[in-house]
Every structure is written in structure tokens, then in C-alpha cells.
Amino acid sequence: MFENRSITFMYIYFFLWGFLCLIASIDFIKIPLKQKLYFTLFSILIISLFCGLRGNVDGDYNNYVGYWNNAPYLAHNTFTTFAIQIIFLGVEPGFILTCSLLKSIGLESQSIFIFCSFLTFGIFFKIVKKISPMPNLSLLIFFSLYIMLPFMQIRFGVAMVCIFYGIICWREEKKRKSILLFFVAASFHTLTWGCILALPLLKLKIKYLIYFSILSFCIPSSLIRTIVSEVFNFMGSYADYIKSEEELSMLSVLFNIIIILPVIYMYKLKQLDETFLFLIKSYLISIIIYLAVRDISILGRIAIVFSISSCIIIPQYLKIMKQNNFHFLVFALLIFGYCLLKYIPCLKFFEPYKINFIL
């Protein structure tokens, strides 16, 4: 009986994914973008609750509860003692400060999962609202490819969307907002600094980024690993993590390269606007990083930040397709199949879904 119930609760993951596919289908209907965004906002609410209210169903859940338990109460400390406690916890201060704030107003540990979930998907909504012509399909791709981050690795889930949205704001000359987003990202995850170091690559032309992609593959992975190990030893963070890291899947990187090839063809035909050129550059930067750090999977998270661009690039393939219902159907099935193939492997890290309403 218990085993059957476990299987049933595993189906919830597929039910939610199927729901997002259904909503994504709306993007293939010729309706105003504003109306599509209403459906996106509804989906964001559902997903945020799904991720934020999940109980102990993954390997990181108890770690975050432990961080919560160790976070100091604001009222019981002076500023100096509070700062000292945060430093000695060895966790990013923005995350611990958020835990302390929520804890100090009487909430339970589940509230930090809710907060991070709504913040992550809320900022992603801001991203697709600005630059995606098919926001519901973009949300499906994001959920399928990166579910482990907002669901499991919640600190980096917050950081990744803050960084990408910060880049968009910087392009729009909203420098203060951009800096604030980078600051929030860095206060939630240290790898933000690696992403910031890669930002100057966005100024390069696409052909040079392609050359860098080839060069990054030619650089010996052992050299990169040695340099990164020395840097992390100096910083005093992630040093032990690096020693036990596995290599990135080169098959996955190959799929990433294949995805970008039709877009490069569009670039050659001069069919792209400035926003889409920015997305291509972002995606090429993700490939450069993936190839350069292929021996250190944790640094692959830096590439993930830039690969968020794929959530907007893939729907743009409609521009190089003949506009008829058959092609739209084939396109939808290919994208849904791709999303399913990326989504299923993530589920092996999750147990049957459990909900926790204790806030």
C-alpha cells in the first residue's frame, strides 16, 4: 500500500509538467502577449507553491533546515554579535539574513523555501515579460531544464535569475537596479562573482565568442582544475567540494551546441534584432564556460546562468519555420519532447512529493 502511494506521489511531478505543457500550448495561438502573460503569472503561482511547500523530498532539504536553525535571532543580538555569528556560519550572508528576518517574525523553516521559490520564479517572470514572445513556453523550458535549482539548490536558484535579470537591466541603462540585483545574487551564492567576471565577454562579437568556444575546448581540463583549486583554497570556500567533483556530461554540452547552430544560421542571414543577439552571446558564453570547466561540475552552474537565454532562444525558432499549423505542431512536439528528456533525469534526485504547510 505504501509503495503504491509513493508511486502516486511521484506522478505529481509529471502532472505539473503536463500542466505546464498545456499552458505552453497557448503560446501557439495568435493572441496578444499581455493575455499570454496572465497564464504565465498563474503558472508561476502554481510552480512557486509547488516548490516552496515541498517537504523533505531531496538531499538538500535538511541542510537548509540546519542553516535556518543556526541563523541568529535579530532581537537577541547587537549588530556586531549578529555579524560575527553570520560570518562563522560560513554561509552566504544574504541567505542567512533572510532566515533571521523570517525567523524573528515567528515563521518556521518552511518559510525560507517559500520565499526563495517566489523570488526565483517572480524574477523569471520579469525576464520573460521583457524579452520572450512566448512566455509560457519559456517557463516550461526553464522548469524542465533547471527544476533542481529552485526546487533543490534554492540559494543558487535565487542567484541565477537575479544575475540574468541584472544583465538585462544593465543593457537598458538601469545601472542601479542592475547593481542591486548583482548584490542580492552575491549575497545568496558565492559563484555570482564567477558570473560577473564573465560579463565582459558580452561585449565581444559573436564570431570571437565562437573562436573562444573552440579555444576553451582545447585548453587542458587539468590546467583549469589546478587554477580553480588554488583560487578556492585561497578563498577558503568550495575547496573540499572541488576534490570530490565529477566531470560534466559532454553529451549534454554537445546538445547545447546543437541547439545554438540554427540560431547561428539566423545570425548569418541577418534576421536577428539586438535583444536576440544578446541572447546568442549569452548562450555562447555558457558553452565557453561549460567546455572550459568540463572537469569541475560545480562551476558549470556559472554556465547555467548564461544558458537561461535558451528559454527565450528556442521559441524563436518559429522565425525560421514556414508559418503553418503542421510545422507549429511538429515544433511543439519536438520542444515538449526535449523538455521531457531534460526533466526526467532530474527526478531521480527527488523522493515522492510531500507537502509541508507549517509556516
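Quick notes on the rules
- Residues numbered from 1 in each chain as written.
- Predicted model: local features only at pLDDT ≥ 70, side-chain atom pairs only at ≥ 80, totals over all residues.
- Heavy atoms only, no water.
- Axes fitted to C-alpha atoms, helices over the stretch in contact; angles between N-to-C directions.
- Helix = DSSP H or I, 4+ residues; strand = E, 2+ residues; numbered from the N terminus.
- Parallel < 35°, antiparallel > 145°, perpendicular 65-115°, else oblique.
- Left-handed = near helix turned anticlockwise from the far one by under 90°.
- Contact = heavy atoms within 4.5 Å.
- Core = buried A, V, L, I, M, F, W, Y, C linked by side-chain atoms within 4.5 Å.
- Buried < 20%, exposed > 50% of the residue type's maximum accessible area, 1.4 Å probe, protein only.
- Salt bridge = Lys/Arg side-chain N within 4 Å of Asp/Glu carboxyl O.
- pLDDT = per-residue confidence, 0-100.
- Patch = residues over 30% accessible without salt bridge, like charges linked within 9 Å, V, L, I, M, F, W, Y side chains within 5 Å.
- Areas by Shrake-Rupley, 256 points an atom, 1.4 Å probe, with all protein chains shown as cover.
- Nonpolar A, V, L, I, M, F, W, Y, C, P; charged D, E, K, R; others polar.

Let us now look at the packing of helix α9 (residues 154-171) against helix α10 (residues 175-188). Direction vectors running N to C along α9 and α10 enclose 165 degrees, while the axes themselves pass 8 Å from each other. When the interaxial angle is binned, α9 and α10 end up roughly antiparallel. In this structure, α9 meets α10 at a crossing whose hand is left-handed. Across the interface between the two elements, R155, V158, A159, C162, I163, Y165, G166, I167, C169 and W170 from α9 touch K175, K177, S178, I179, L181, F182, V184, A185 and F188 from α10.

What follows is about the nonpolar core. Residues F95, L137, M160 and F306 are the most contacted members of the largest nonpolar core, which totals 121 residues. Broken down by element, the residue count for this core peaks at 14 residues, all from helix α16 (residues 274-292). Look past the residues within four positions of L137 in its chain and what remains in contact with it is A24, D27, F28, P315, F331, I335 and F336.

Note that side chains of opposite charge can pair when their charged atoms are close. Under the definition given, this model contains five salt bridges. A salt bridge links E92 to R155, with the shortest nitrogen-to-oxygen separation between them at 2.3 Å. Of this pair, E92 sits in the loop between α4 (79-89) and α5 (93-104) while R155 sits in helix α9, and the two are 63 residues apart along the sequence. By relative accessible area, which is 8% here, E92 ends up buried. Salt-bridge contacts for K175 lead to E173; the nearest nitrogen and oxygen are separated by 3.5 Å.

Taken residue by residue, the chain gives an average pLDDT of 83. The fraction at 70 or more is 82%. Taken as a whole, residues 1-7 scores under 50 in pLDDT and shows one contact with residues more than four places along the chain or in a different chain.

Let us look at a nonpolar patch on the surface. Nonpolar side chains collect at one region of the surface, where Y208, I210, Y211, F212, I214 and L215 lie side by side and expose about 570 Å² of accessible area between them. I214 sits in the exposed class, given a relative accessible area of 51%.

Here we come to the environment of D27. Summarising the element assignment, D27 is placed in the loop between α1 (2-24) and α2 (33-52). Distance in space between the C-alpha atoms of D27 and P315 is 9.5 Å, their sequence separation being 288 residues. Residues contacting D27, with those up to four places away along its chain left out, are K36, M134, P135, N136 and L137.

Look at E173: it is not a glycine, yet its phi comes out positive at around 65 degrees. Turning to its location among the elements, E173 is positioned in the loop between α9 and α10. Given a relative accessible area of 58%, E173 falls into the exposed group.

Axis separation between helix α3 (residues 61-70) and helix α6 (residues 110-131) bottoms out at 9 Å; the angle between their running directions is 110 degrees. Accordingly, the angle class assigned to the pair α3 and α6 is roughly perpendicular. Along the contact surface, α3 presents Y61, Y64, V65 and W68, while α6 presents Q110, S111, I112 and F113. Residues belonging to the contact of α3 with α6 are distributed by class as follows: six nonpolar, two polar and no charged.

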